[in-house]
Amino acid sequence: MSVRLGVVMDPIDAISFKKDSTLAMLWAAQDRGWELWYMRQEDLFLHDGPRARMQPLKVFRDASRFHELGPAADHPLGGLDVILMRKDPPFDNEYLYSTHVLEAAENEGVLVVNRPHSLRDCNEKLFATQFPQCCPPLLVSRSAERLRAFQKEHRDVVFKPLDAMGGTLVFRVREGDPNLSVILETLTGHGTTTIMAQRYIPEIVDGDKRILMIDGEPVPYALARIPAVGETRGNLAAGGSGEARPLTERDRWICSQVGPALRERGLLFVGLDVIGDYLTEINVTSPTCIREIDKAFGTDIGGQLMDCIAARLGR
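The rules we used
Residues numbered from 1 in each chain as written. Predicted model: local features only at pLDDT ≥ 70, side-chain atom pairs only at ≥ 80, totals over all residues. Heavy atoms only, no water. Helix = DSSP H or I, 4+ residues; strand = E, 2+ residues; numbered from the N terminus. Buried < 20%, exposed > 50% of the residue type's maximum accessible area, 1.4 Å probe, protein only. Areas by Shrake-Rupley, 256 points an atom, 1.4 Å probe, with all protein chains shown as cover. Lys, Arg positive; Asp, Glu negative; His and termini not counted. Charge placed at Lys NZ, Arg CZ, Asp CG, Glu CD. 1 Å grid on protein atoms, 1.4 Å probe; cavity = no way out; pocket = protein on both sides within 12 Å on 5 of 7 lines; lining within 4 Å. Points joined across faces, edges and corners; volume = space filled by probe spheres on them. Contact = heavy atoms within 4.5 Å. Pairing = 2+ DSSP bridges. Axes fitted to C-alpha atoms, helices over the stretch in contact; angles between N-to-C directions. Core = buried A, V, L, I, M, F, W, Y, C linked by side-chain atoms within 4.5 Å. Expected span 1.5 Å × (residues − 1). Polar contact = N/O pair within 3.5 Å; in protein donor to acceptor, adjacent residues only side chain to side chain. Disulfide = S-S within 2.5 Å.

Asker: Report on the overall build of the protein chain, specifying residues and quantitative values.
Answerer: Scanning the protein chain from terminus to terminus reveals 8 helices and 17 strands. Dimensions of the protein chain, computed from C-alpha atoms along their principal axes, come out at roughly 65 × 45 × 40 Å. Here the protein chain, with 315 residues, has 50% of them falling under the buried criterion. A total of about 14,200 Å² of accessible surface is found on the protein chain, and carbon and sulfur atoms cover 48% of it. Measuring between centres, the 37 positive side-chain charges of the protein chain sit 2 Å from its 44 negative side-chain charges.

And the structure:
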């Protein structure tokens, strides 16, 4: 019997054919003869159980016509075998509510990737702090006094919100920066919002590495996202360039520290962010960089993930 795979994602018409990781996953699933069903976050609802407005989906390796959607209709989520939750952050209340609908589907036997309860528990910035042996010096607080003291101690620091992506609202502050007060006021909302401070890691000039993990095991290559000239952030969305590289011994050690916790929490597809020797974030919502690594090294990361899903389903 064919696997019925649903995907919750941003509008498919707006994704990048060249770079989108969800598209790589969908190609891999369709190559296996699996049925594909498309949903957006607003299509999820509860009415006599978890349901969604779904459309049958076909995908193609053709930039001029890479997807085809069938007619929309309401269906029970319990009729699917697996759901990929690939909606991009921010992790706002609507995202939170979606995880509850998906958890109801999980309770009916659907495999949800990644597990909804873990999506709620594992904030992408804060989850990394559970592995202090891997992290740079950091502080999580909304107190301007504490944040100022951290910056004074470490002199060169990065401040960032806990709920953004793509390098949004990430500030580097060095000793004597006259903008410190306004940066802290902006990020903390005058002390009403908790943020993270990390000691600046100079090795960012060599790239912010994205390491992809499948069921707690690393893909043997990472994508180093190298900042543009004059930029601190390596995020591709912030203008960084990507360079695929084999994992280092330190990278593999970090993966070994984090991997068991990912398996325990049902986080089948995760992206670790590593700068120099340090783990900085653990991306659990919609990790990217599949396409760039596949292109550089001939890997089939989407296929590896589908193999993992098939094993979980006993197919």
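Asker: I'd like a rundown of empty space enclosed by the protein, residues and numbers included.
Answerer: Under the defined criterion, the tally for this structure stands at 1 cavity of 30 Å³ or more. Lining of the largest cavity is provided by Met25, Leu84, Met85, Arg86, Val113, Asn114, Phe269, Thr285, Pro287 and Leu305.

Asker: A description of the side chain of aspartate 156 should follow, citing residues and the corresponding values.
Answerer: Here aspartate 156 shows up in the loop between helix H4 (144–154) and strand E10 (157–161). With near-sequence residues (within four places) excluded, aspartate 156 lies in contact with Arg172, Val173, Arg174, Arg199 and Tyr200.

Asker: Requested: an account of the sheet that holds strand E12 (residues 195–199), with residues and values cited.
Answerer: Taken in spatial order, the 4 strands line up as E9-E12-E10-E11 in an open sheet, and their pairing is antiparallel. Edge positions in the sheet fall to strand E9 (138–141) and strand E11 (171–173), since each of these pairs with one other strand and no more. With direction set aside, neighbouring strand axes in the sheet form an average angle of 20 degrees. The pairing of E9 with E12 spans 4 bridges and is classified as antiparallel. Bridge pairing in E12 places serine 141 opposite isoleucine 195. Together, E10, E11 and E12 form the strand contacts of helix H5 (residues 180–188), whose direction differs from that of E10 by roughly 25 degrees.

Asker: Give a description of the nonpolar core that names residues and reports values.
Answerer: Counting residues in hydrophobic clusters, the biggest one holds 39 residues, and the most contacted among them are Met39, Leu77, Ile83, Leu272, Leu279 and Ile282. Of all elements in the fold, only strand E2 (35–39), strand E4 (50–59), strand E7 (82–86), helix H2 (93–107), strand E13 (208–214), helix H6 (249–264), strand E16 (269–275) and strand E17 (278–283) reach the threshold of two or more residues within this core. A total of 5 residues in this core trace back to one element, the largest contributor, which is H6. By size, the runner-up hydrophobic cluster in this structure holds 38 residues, among which are Val3, Trp34, Cys289 and Met306.

Asker: Residues and numbers for H2, please.
Answerer: Between its first and last C-alpha atoms H2 spans 21 Å; for 15 residues at 1.5 Å apiece the expected length is 21 Å, and the two agree. When we look at burial in H2, the residues that qualify are Tyr95, Ser98, Thr99, Val101, Leu102, Glu103 and Ala105. On the buried face of H2, the contacting elements are strand E3 (44–46), E4, E7, strand E8 (111–113) and helix H3 (116–121). For H2, the capping residue at the N-terminal end is aspartate 92, with a side-chain oxygen 3.3 Å from the backbone nitrogen of glutamate 94. After H2 finishes, the residue glycine 109 shows a positive phi value of roughly 100 degrees.

Asker: Could you give an account of the sheet that holds strand E14 (residues 217–226), naming the residues involved and the relevant values?
Answerer: The 5 strands are arranged E15-E14-E13-E16-E17 in an open sheet whose pairing can be described as antiparallel. The two strands at the open ends of the sheet, each matched to only one other strand, are strand E15 (241–246) and E17. Going across the sheet, the axis of each strand differs from the next one's by a mean of 30 degrees, ignoring polarity. Pairing of E13 with E16, which is carried by 7 bridges, proceeds in the antiparallel orientation.

Asker: Hey, could you go over the side chain of threonine 188 for me, with residue numbers and the actual values?
Answerer: Tracing the backbone shows threonine 188 in helix H5. Of the residues examined, threonine 188 reaches a relative accessible area of 3% and is grouped as buried. Of note is the side chain of threonine 188, whose polar atom sits 2.6 Å from the backbone oxygen of leucine 184. Apart from the residues lying within four places of it in its own chain, the contact partners of threonine 188 are Arg142, Leu147, Thr193 and Ile195.

Asker: Describe in detail unusual backbone geometry, supporting the description with residues and values.
Answerer: Across the junction of proline 89 and proline 90, the peptide omega takes the value 20 degrees, indicating a cis bond. Mapped onto the elements of the fold, proline 90 is located in the loop between E7 and H2. That bond from valine 113 to asparagine 114 is cis: its omega, 5 degrees, falls within 30 degrees of zero. Examined against the element boundaries, asparagine 114 turns out to sit in the loop between E8 and H3. The phi dihedral of arginine 155 falls on the positive side, at around 70 degrees, and the residue is not glycine. Examined against the element boundaries, arginine 155 turns out to sit in the loop between H4 and E10. What makes arginine 155 exposed here is its relative accessible area of 51%. Phi angles above zero are rare outside glycine, and aspartate 215 is one such case at about 50 degrees.

Asker: Describe the state of the cysteines, and please don't skip the residues or the numbers.
Answerer: Under the defined criterion, the tally for this structure stands at 0 disulfides. We note that cysteine 135 lacks a disulfide partner, and the nearest cysteine sulfur, in cysteine 134, lies 6.3 Å from it. Take cysteine 135: its relative accessible area is 10%, and that puts it in the buried class.

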